[in-house]
2 protein chains.
Amino acid sequence: MLEAKLAEAGTLKKLLDAIKELVTDANFECNEEGINLQAMDNSHVALVAVHLEAAGFKRYRCDRPMPLGVNLTSLTKVLKCAKDDDITTLKAADEADVLNLVYEAKNSDRIAEYDMKLMDIDSDTLGIPDTEYDARVTMPSAEFTRIVRDLSQLGESVRIEVSKEGVRFASEGEAANGSVLMKQTDGASVAGGNKIMAKTKREDGVDEEEQEGGEEEEQEEGGSKKAKKEKVKKEKTDGDVDMVVDDEEKEDGEEEFKPNSDDEEGEEEQGDDDENEDEDDDEEGGKKRKKKANGSAKPKKKAKTSSSSSSKSKLKKGKKEDDEDAQAITIEMNQHVSLTFSLKYLVNFSKSASLCPKVQLMMSNDVPLLVAYDFGQGYIRYYLAPKIGDD
Amino acid sequence: MLEAKLAEAGTLKKLLDAIKELVTDANFECNEEGINLQAMDNSHVALVAVHLEAAGFKRYRCDRPMPLGVNLTSLTKVLKCAKDDDITTLKAADEADVLNLVYEAKNSDRIAEYDMKLMDIDSDTLGIPDTEYDARVTMPSAEFTRIVRDLSQLGESVRIEVSKEGVRFASEGEAANGSVLMKQTDGASVAGGNKIMAKTKREDGVDEEEQEGGEEEEQEEGGSKKAKKEKVKKEKTDGDVDMVVDDEEKEDGEEEFKPNSDDEEGEEEQGDDDENEDEDDDEEGGKKRKKKANGSAKPKKKAKTSSSSSSKSKLKKGKKEDDEDAQAITIEMNQHVSLTFSLKYLVNFSKSASLCPKVQLMMSNDVPLLVAYDFGQGYIRYYLAPKIGDD
DNA sequence: CGCGCCGTCG
DNA sequence: CGACGGCGCG
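Numbering of residues starts from 1 in each chain and follows the order in which that chain's sequence is written. Labels follow written order: the first chain is A, the first ligand is 1, and so on. Where local features are concerned, this predicted model is filtered to residues with pLDDT of at least 70; where side-chain atom pairs are given and counted, the filter is 80 or more; whole-chain, interface and lining totals use all residues. For the side-chain quantities, the full set of heavy atoms in the structure was used; hydrogens and water were omitted.

Enquirer: Can you help me understand the environment of B:L99 in this one?
Expert: All names here are of chain B. Secondary structure is summarised from DSSP: a helix means a run of H or I of at least four residues, a strand means a run of E of at least two, and numbering begins at the N terminus for each. Position of L99 among the secondary structure elements: in strand β8 (residues 98–104). With 24 residues separating them along the chain, L99 and L75 place their C-alpha atoms 9.4 Å apart. Leave out the neighbours within four places in its chain, and L99 touches L68, L90, K91, A92, Y114, D115, M116 and L118. For this analysis, residues touch if any pair of their heavy atoms sits within 4.5 Å.

Enquirer: Would you explain the interface of chain B and chain A in this entry?
Expert: It is common to report an interface's size as the accessible area lost on association of the parts. The interface is formed by 17 residues belonging to chain B together with 18 residues belonging to chain A. As used here, buried area is the combined drop in accessible area, with a 1.4 Å probe, of two parts when they are placed together. Both faces combined, the contact of chain B with chain A buries some 1,400 Å², and carbon together with sulfur accounts for 47% of it. Any Lys or Arg side-chain nitrogen found within 4 Å of a carboxyl oxygen on Asp or Glu counts as a salt bridge. The salt bridge involving A:E143 is made with B:R110; its shortest N-O contact spans 3.2 Å. Contacts described as polar in this section are N or O atom pairs within 3.5 Å, which, within protein, must combine one atom able to donate a hydrogen with one able to accept it, while residues neighboring in sequence count only if both atoms come from side chains. At the boundary of chain B and chain A, one finds 10 residue pairs in polar contact (both at pLDDT 80 or more). Elements that contribute at least two residues to the side of chain B that touches chain A include exactly α2 (72–80) and β9 (110–117) of chain B.

Enquirer: Could you clarify how one ought to interpret the pattern of salt bridges in this entry?
Expert: Oppositely charged side chains can form a pair if their charged atoms are brought close together. Enumeration according to the criterion identifies 26 salt bridges over all chains in this entry. One salt bridge in this structure joins B:K351 and B:E21, with 2.4 Å as the shortest N-O distance. Within this pair, whereas B:K351 is found in the loop between α8 (343–349) and β16 (358–363), its partner B:E21 is found in the loop between α1 (9–19) and β2 (25–31), the two being separated by 330 residues in sequence. Each residue is assigned to one of three classes by its accessible area relative to the maximum for its type, calculated with a 1.4 Å probe on protein chains only: buried under 20%, partly exposed between the two thresholds, exposed over 50%. In this structure B:E21 comes out as exposed when scored by relative accessible area, which is 52%. By sharing partners, the salt bridges in this structure join A:R64, A:D94 and A:E95 into a single network.

Enquirer: Quick question: what am I supposed to make of the packing of aromatic side chains here?
Expert: Aromatic ring pairs are described here by two measures, namely the spacing of the ring centres and the angle between the planes. Under the pairing criterion, centres of Phe, Tyr and Trp rings, with the six-membered ring standing for Trp, must be within 6.5 Å; the plane angle then separates stacked pairs below 30 degrees from edge-to-face pairs above 60, leaving the rest tilted. Inspection of the entire model under this criterion finds 12 aromatic pairs over all chains. Measuring from ring centre to ring centre gives 6.4 Å for B:F144 and B:F169, while their planes differ by 55 degrees; the resulting arrangement is tilted. Of this pair, B:F144 sits in helix α3 (residues 141–152) while B:F169 sits in strand β12 (residues 166–172); the two residues are 25 residues apart in sequence, bridging distant segments of the chain. Like B:F144, the residue B:F169 is buried in the burial classification. An aromatic cluster is present here, built from A:Y345, A:F349, A:Y373 and A:Y382 joined pairwise through their rings. A cation over an aromatic ring shows up here: A:K344 above the ring of A:Y345, its NZ or CZ 4.5 Å from the ring centre. Look at NZ for Lys and CZ for Arg. If either is within 6 Å of the ring centre and within 35 degrees of the ring normal, a charge sits over the ring.

Enquirer: When you look at the sheet that holds strand β3 (residues 34–40) of chain A in this model, what are you seeing that I'm missing?
Expert: By definition, the strands of a sheet pair up through backbone hydrogen bonds, in either a parallel or an antiparallel sense. All names here are of chain A. For two strands to be treated as a pair, DSSP must find no fewer than two bridges joining them. Pairing within the open sheet is antiparallel, and its nine strands lie in the order β6-β2-β3-β4-β18-β17-β16-β10-β14. In this open sheet, the two edge strands, each paired with only one partner strand, are β6 (66–71) and β14 (330–333). Ignoring which end each strand starts from, the neighbouring axes of this sheet average 15 degrees apart. Alignment of strand β10 (residues 135–140) against strand β16 (residues 358–363), held across six bridges, turns out to be antiparallel. By the bridge assignment for β16, M139 is matched with V359. Each axis is a line fitted through C-alpha atoms, and for a helix only the stretch in contact is used; angles between axes span 0 to 180 degrees, taken between their N-to-C directions.

Enquirer: Whenever I open this one, the protein's contact with DNA strand D confuses me. Can you help?
Expert: The environment of DNA strand D is made up of A:E21, A:R149, A:K351, B:K80 and B:R149. Definition of nearness: a residue and a molecule or strand are near each other if at least one heavy atom of the residue lies within 4 Å of the molecule or strand. The sugar-phosphate backbone supplies 100% of the atoms of DNA strand D found within 4 Å of the protein. Between a phosphate oxygen of DNA strand D and a side-chain N or O atom of B:R149, the distance comes to 2.7 Å. Following the grouping adopted for this structure description, the nonpolar residues are Ala, Val, Leu, Ile, Met, Phe, Trp, Tyr, Cys and Pro, the charged ones are Asp, Glu, Lys and Arg, and the polar ones are all others, Gly among them. Residues of the surface near DNA strand D, tallied by class, amount to no nonpolar, no polar and five charged.

Enquirer: Could you clarify how one ought to interpret the sheet that holds strand β9 (residues 111–117) of chain A in this entry?
Expert: Residue and element names in this part refer to chain A. A sheet is described by the order of its strands in space; here five strands give the open sequence β5-β1-β7-β8-β9, paired in antiparallel fashion. Whereas interior strands pair on both sides, the edge strands pair on one side only; in this sheet they are β5 (59–62) and β9. Sheet twist, expressed as the mean angle between neighbouring strand axes with direction ignored, is 15 degrees. Each of β8 (98–104) and β9 is contacted by helix α2 (residues 72–80), which is oriented at about 20 degrees to β8, the strand it contacts most.

Enquirer: Sorry, what's going on with the nonpolar core here?
Expert: Nonpolar side chains in soluble globular proteins generally cluster together in the buried interior. Ranked by internal contacts, the top residues of the largest apolar core, which has 159 residues, are A:F169, A:L346, A:I380, B:F169, B:L346 and B:I380. Discounting residues that sit within four places of it in the chain, A:F169 has contacts with A:M139, A:F144, A:I147, A:L151, A:V158, A:R159, A:I160, A:G178, A:S179, A:V180, A:M182 and A:L361. Only buried residues count toward a nonpolar core. Its members are Ala, Val, Leu, Ile, Met, Phe, Trp, Tyr and Cys residues joined through side-chain atoms within 4.5 Å.

Enquirer: How should I be thinking about the UniProt feature "domain: Proliferating cell nuclear antigen PCNA C-terminal" (unreviewed entry) in chain A in this particular structure?
Expert: UniProt positions are given in the numbering used here, feature names are shortened, and annotations may be inferred rather than shown by experiment. In the numbering used here, UniProt assigns the feature "domain: Proliferating cell nuclear antigen PCNA C-terminal" (unreviewed entry) to residues 127–186 and 314–387 of chain A. End C-alpha to end C-alpha, residues 127–186 of chain A measures 37 Å, and it is 20% helix and 45% strand.

Enquirer: Which parts of the structure should I look at to understand unusual backbone geometry?
Expert: Trans is the common state for peptide bonds, and a negative phi is the common state for residues other than glycine. Notably, A:S108 is not glycine yet its phi reads approximately 65 degrees, a positive angle. In this fold, A:S108 is placed in the loop between β8 and β9. Overall, the relative accessible area of 42% leaves A:S108 in the partly exposed class. The phi dihedral of B:D366 is positive, around 65 degrees, even though this residue is not glycine. Within the element layout of this structure, B:D366 appears in the loop between β16 and β17 (369–375).

Enquirer: Please explain the relation of the copies chain B and chain A as it appears in this structure.
Expert: For the pair of chain copies, the relating operation is a rotation around an axis with a shift along it. Rotating chain B by 122 degrees and translating it 1.5 Å along the rotation axis places it on chain A, where the RMSD comes to 0.2 Å. With respect to symmetry, the two chain copies, as superposed, fit the operation of a three-fold axis. Within chain B, B:S354 has its C-alpha nearest the rotation axis, a separation of 16 Å. Superposing the copies works by least squares over the C-alpha atoms of residues that have pLDDT at least 70 in both of them.

Enquirer: Just to check I follow, could you spell out the state of the cysteines for this structure?
Expert: By definition, a disulfide is the covalent link that joins the sulfur atoms of two cysteine residues. To count as a disulfide, a pair of cysteine sulfur atoms needs to be within 2.5 Å. Scanning the entire structure with this criterion turns up zero disulfides over all chains. Here B:C62 is not cross-linked by a disulfide; its sulfur's nearest cysteine counterpart is in B:C30, at 5.3 Å.

Enquirer: Explain α1(B) here, please?
Expert: Every α-helix carries 3.6 residues per turn, so stepping three or four residues along brings you back to the same face. Counting buried positions along α1(B) yields nine of 11 residues, so the element is predominantly enclosed. Buried residues of α1(B): B:A9, B:G10, B:T11, B:L12, B:K13, B:L15, B:L16, B:A18 and B:I19, and no others.

Enquirer: How should the pairing of strand β1 (residues 2–6) of chain B be read in this particular structure?
Expert: Side-chain positions along a regular strand alternate between the two faces of the sheet. Residues and elements named next belong to chain B. Across the five residues that make up β1, a large majority, four, are buried. Bridge count between β1 and strand β5 (residues 59–62): four bridges; the pairing is antiparallel. Bridge pairing in β5 places K5 opposite R59.

Have a look at this one:
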């Protein structure tokens, strides 16, 4: 059975607000680690992944993995019945067809209880490999919201370009063209040379090895090492085409959503190859990039040899500072990237700003953008394939 | 070329917000004095005139007069992309077909640049004569907003009546009738006898003669003295009929919007006939009013002889006090006026309240109302013809 | 200044 | 019918 007690209903409400427009039904995959939700958006262009850490709950118990098929519209309605600061307990029996929600007012003078019907949802959970990116932009989430909403007034698409200059968002439209350039806050040169990978708050301050090995629950749940070799067809079309999974090499029943294509060796995605990993990474990343019509030099390698450990600590320091000052803008770049995305989706993603004062944009050329919001109890991550004709 | 640097985008944003519903396309007439915009509203019932003083810009340069044809919807969109406190630079090359806008965040970590397409717009700029009115009400702009919004819930029209009692706004509706009476703040008797003419802030404290001669750029730009004799047909209908310009006597190519009908002599609109002007005014105004079903005595003349100079200084003092205390209500009256206007338009005009804490209502019987908001860098003025059946 | 409600647009 | 934006209120 599942029993998860959340200190505040607000987190859940905001989460649902953030994704309910994108996804109508989804499985809440509950296990002893916490709760995960992963789904393609309704038009199968974007992917959203939510994680709620077991430790983030006031109380958490889940004897064995159970998927709870939830209609998000229904859950949103039920959650509207909770005040933001209500203590909220989610309960589901094994094989249950209802999710029980109990809202307890802070002062306990009110207890509300709801039973929401569950549904069976085809679990097309994709394994999302932990991928290295060429660039990460960390900025105030409100700023990101602002930029994409502004530009969405002008046109449909935005080109996001990370260079030494900073990060530029540029759109073209009927009435006007617009371009927003954000520079690293302190004017320091753009950080580079460190590995740029998604990580969660709870991983701050732990060793990088640990980060790499431990951060993607999806990996442990679904993917074997062999499965890691599966390859996503990045169909970079303008609209409604799925980010489909290539069947070749698939060896277990689970599909994998794999934004990066550094897959010939694939071992760097595992946490068990430790320090050698960096070098492997560079080799593989470099090879791959060449193959992909981006044959520029590998600044990553150079940077790595010159400043690997220092830039690692710098990265961590930067992240801490962001926590202290949500206004900071940090740009890490190992490679110039320039990608074009649908503003409609980015505007949608940016709703999650209420969950977290900052957002990370992780990019590599020709690879889906990762938009990540990390909050205390977990994260919400969006993946969006670039449009074709980008550059 | 034009290059105009504004300390805060907010001013421009508020201006556009204020007029974009009224007007869709308009020429920004730029010259070395500043920027002017003048347009009839879409249904040609009201006229809006905006002036931005060159001196109000952080930097201003305009080599030669250039009209920039702007779609206000587009400009509004582009301005939405600016934060209120962004330093904003407008640039346009000679004969350019785009307006370049650069927004620079106060801390310079963000620079956004937009290019907005320009269009050719028939420049039907009207010369707006500097007219003397029978009454001026200066009141907190929020108060005006409130009153017209309140009354608009009851009916379509408001009768605005200025008398010794104060200024009364009265509406009649199906469900209820309403009347709001505002008295001069300090309870002092209503000022009268001075010339009541629109003036801008920068003119405070200069001689009245200078005010009269120098305050309407539209005059210098467009109207000759002969043109002043042109006469507006005041078609005082409820809705869609233009405030058209009468062709008779028109001697240059420029049309003129002429809210006052003291036009047989017409010279009082020039600054060069000084003190005698008042008497001419009274004669002409009186004649005209008689012709138009307002045959009341001419209190203006009496007031002038008794308190002309003292009330002039009082007027200036009153305006200064308004600057100090935006809550003050000042009523100046040379003649009882009673006019009826469409509330829909007044509600629309009152949006400009965000630009300036006070508003001036200038009225003469049977003449378009002038609603004027003066802010630091310029002004926005609305003219609205009275409805028939007023009084 | 932030939140909630109403109206408009997709 | 739902979402987004604007306006009004506390």
